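# Descriptive structure summary
Residue strings, one per chain:
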Amino acid sequence: MHAAAPFSCDIFCRVIDNYGDIGVCWRLARQLVDEYQWAVRLLVDDLQSLAKLVPTVDPTLAQQRIAGLVIWQWEQAPSATPAQMVVEAFACDPPVTYLQRMAQQTPPPAWVNLEYLSAETWVEDCHGLVSRHPQLGLEKVFVFPGFSPRTGGLLREKGLLAAASAFNLSPAAADQFWTTQGLTLRAQAPRLFFFTYASPHIPALLDAWLSHGQALEILLPPTPATPQVEAWLAAHPNQTLLRVHPLPFLPQAEFDRLLWASDLLFVRGEDSLVRAQWAAKPMIWHIYPQAEQAHLPKLAAFYSHYSQGLTASALAAQTALNQAWCDTNRAVDFAPLWANWRQHLPEIQSHALSWRAELSQQPDLATVLVSQAYKKWGQ
Ligand SMILES: Cc1cn([C@H]2C[C@H](O)[C@@H](COP(=O)(O)OP(=O)(O)O[C@H]3O[C@@H](C)[C@H](O)[C@@H](O)[C@H]3O)O2)c(=O)[nH]c1=O
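Residues numbered from 1 in each chain as written. Predicted model: local features only at pLDDT ≥ 70, side-chain atom pairs only at ≥ 80, totals over all residues. Heavy atoms only, no water.

### Some thoughts on the packing of aromatic side chains
A full pass over the atoms with the stated rule returns 30 aromatic pairs. With 4.7 Å between their ring centres and 70° between their planes, Phe-12 and Tyr-98 make a pair best called edge-to-face. On the criterion of sequence distance, the pair formed by Phe-12 in strand β1 (residues 8-13) and Tyr-98 in helix α3 (residues 96-104) is long-range, its members being 86 residues apart. Centroid distance Tyr-197 to Tyr-288: 5.6 Å. Interplanar angle 80°. Geometry classified as edge-to-face. Here Tyr-197 is found in the loop between β9 (191-194) and α7 (202-212), whereas its partner Tyr-288 is found in the loop between β13 (283-286) and α11 (295-306), with 91 residues between them in sequence. Assessed through its relative accessible area of 9%, Tyr-197 is described here as buried. Members of the aromatic cluster, connected to one another through ring pairs, are Phe-194, Trp-209, Phe-266, Trp-325, Phe-334, Trp-338 and Trp-341. In this structure, Lys-158 is placed above the aromatic ring of Tyr-36, and the distance from its NZ or CZ to the ring centre is 5.1 Å. (Phe/Tyr/Trp six-rings, centres within 6.5 Å; stacked < 30°, edge-to-face > 60°. Helix = DSSP H or I, 4+ residues; strand = E, 2+ residues; numbered from the N terminus. Buried < 20%, exposed > 50% of the residue type's maximum accessible area, 1.4 Å probe, protein only. Lys NZ or Arg CZ within 6 Å of the ring centre and 35° of its normal.)

### Thoughts on the sheet that holds β13
One open sheet accounts for five strands, arranged β11-β10-β9-β12-β13; its pairing is parallel. Only two strands of the sheet have a single partner each, and these edge strands are β11 (242-246) and β13. Sheet twist, expressed as the average angle between the axes of neighbouring strands with direction ignored, equals 20°. Where β9 lies against strand β10 (residues 216-220), three bridges are found, and the strand directions are parallel. The partner of Arg-191 across the bridge, within β10, is Glu-217. Here helix α10 (residues 271-279) sits on the sheet and contacts β12 (264-268) and β13; the angle it forms with β12, its principal contact strand, is near 155°. (Pairing = 2+ DSSP bridges. Axes fitted to C-alpha atoms, helices over the stretch in contact; angles between N-to-C directions. Contact = heavy atoms within 4.5 Å.)

### Re unusual backbone geometry
Between Thr-106 and Pro-107 the backbone carries a cis peptide bond, its omega angle lying at -10°. Locating Pro-107 in the fold gives a position in the loop between α3 and β6 (110-114). A positive phi angle, close to 50°, is found at Ala-67, a residue other than glycine. Phi at Glu-292 is positive, roughly 50°, even though this residue is not glycine. Among the structural elements, Glu-292 can be located in the loop between β13 and α11. Here Glu-292 falls in the exposed class, since its relative accessible area comes to 80%.

### Thoughts on the environment of Trp-355
For Trp-355, the location among the structural elements is in helix α14 (residues 345-359). The residues touching Trp-355, leaving out its near neighbours within four places in the chain, are Phe-147, Gln-277, His-305, Tyr-306 and Gln-308.

### Some thoughts on the sheet that holds strand β7 (residues 130-132)
The sheet built from eight strands is open, its strands ordered β3-β4-β2-β1-β5-β6-β8-β7 with mixed pairing. Unpaired on one side and paired on the other, β3 (63-66) and β7 mark the two borders of the sheet. Neighbouring strand axes in the sheet, compared pairwise and without regard to direction, differ in orientation by 25° on average. In this structure, strand β5 (residues 85-89) lies alongside β6, joined through five bridges in parallel fashion.

### Looking at the site of the ligand
In the vicinity of the ligand there are 22 residues, among which Tyr-197, Leu-250, Arg-268, Asp-271 and Ser-272 approach most closely. Tyr-19 is positioned with one of its backbone polar atoms (N or O) 2.9 Å from an oxygen atom of the ligand. Between Gly-20 and the ligand, the recorded distance is 2.9 Å, taken from a backbone N or O atom to an oxygen atom. Relative to its unbound accessible area of 710 Å², the ligand is 96% covered by the protein chains. When residues of the shell around the ligand are traced back to their parent elements, those giving at least two are α1 (20-36), α9 (252-260) and α10. Residues of the shell around the ligand, tallied by class, amount to eleven nonpolar, six polar and five charged. Shared between two domains, the shell around the ligand takes at least three residues from each, and those domains are domain 1 (8-155 + 362-377) and domain 2 (160-359). (Near = heavy atom within 4 Å. Polar contact = N/O pair within 3.5 Å; in protein donor to acceptor, adjacent residues only side chain to side chain. Areas by Shrake-Rupley, 256 points an atom, 1.4 Å probe, with all protein chains shown as cover. Nonpolar A, V, L, I, M, F, W, Y, C, P; charged D, E, K, R; others polar. Domains from an automatic or database assignment.)

### Thoughts on the domain arrangement of the protein
What the domain assignment lists for the protein is domain 1 (8-155 + 362-377) and domain 2 (160-359). Put simply, the middle of domain 1 and the middle of domain 2, counted by C-alpha atoms, are 30 Å apart. The interface of domain 1 with domain 2 comprises 20 residues on the first partner and 23 residues on the second. Carbon and sulfur atoms make up 58% of the area that domain 1 and domain 2 hide from each other, which totals about 2000 Å². Of all residues in domain 1, Arg-27, Ala-119 and Phe-147 give up the largest surface area on contact with domain 2, accounting jointly for 30% of the area buried on that side. Linking domain 1 with domain 2 are one salt bridge. Two residues, Asp-271 and Arg-27, come together in a salt bridge whose shortest N-O distance is 2.9 Å. Where domain 1 meets domain 2, there are eight residue pairs in polar contact (both at pLDDT 80 or more). Those elements giving two or more residues to the side of domain 1 that touches domain 2 turn out to be α1 and α2 (47-53). (Buried area = accessible area lost by both parts, 1.4 Å probe. Salt bridge = Lys/Arg side-chain N within 4 Å of Asp/Glu carboxyl O.)

Below, the structure is given as structure tokens:
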């Protein structure tokens, strides 16, 4: 007797900018393989970006197999037989020849558009909506990740929270991690992971950290902010409170440990924001900047969720710092904002843990997608 063939899934990803698009798609693909034993093919238009996250990827290959899944260059898509589920990440428009093949199948694949993460309330109304392709008649379901049970939830692998807790309960784990990165960090100085976009606020933020008078170990991955940080350091040659440690871009498989081994997190975009919440550390979010400060209401929407359970004064400290960081229309003196945030850190740290516990009650995004697929296929 033959074992049933695994459920098949194609994930389409175009890399628009940065690493979030491919970062989310890679995580999802891995989870579907590891936890559901699905046969997953990832079709990507920029393998160089994927190779940053997964160094075993060879960007020159049209097709390759890594970590139990198949990776194809986007141009190969017209020759693909569509899978049972097709995930179109971030409305990336799979090639029309592929869609035509989907329409020829009986039944056609379960087709999902996986949207960007947003905390805004309209997401709850749009999650699960179906649109019909005008020519081909195919139905596409919109899945919105999010922070409430009326959305598709967030990516969260099965063992993630247990691994994070075990790491943070082990007194030696963080130091060992930094040692493997070739770093010896001052024991009393908080470790601040600084993953951001470039920002006109960087000199003022560093000024505030310095004037606060407490040592900081700053872990600096490669970002557009690096030259700004270097310029600030060059202008302050004699200060010793802030020590900046440039990091290489680590494989995504190492990224969580980077967060777990830090005390304070500056994160950005989509995927690192989610991982920071699973790391349950005090965090400041550099939301992806948009024209005319359109990102600020989106930041406020996030805090309408994240605020649950924080006292008014801790919430004010958290949001004042985060909003100032993301509002590039005004000059900011970060010194009082930073001092106030640091003062509220005990509460903010315990809130991060309770928020993680609450968020983990929701179904995770992969579970939502899988049940969507099985519903369509009657499994
Ligand atoms: C610093 C670092 C990051 N990473 C990973 C973690 C994440 O998967 C990824 C970073 O993705 P994000 O945190 O989402 O930030 P980002 O700024 O790179 O991506 C953004 O791109 C924009 C185009 C989108 O509109 C945003 O929503 C967002 O996805 O890089 C590593 O694997 N190693 C590293 O050393």
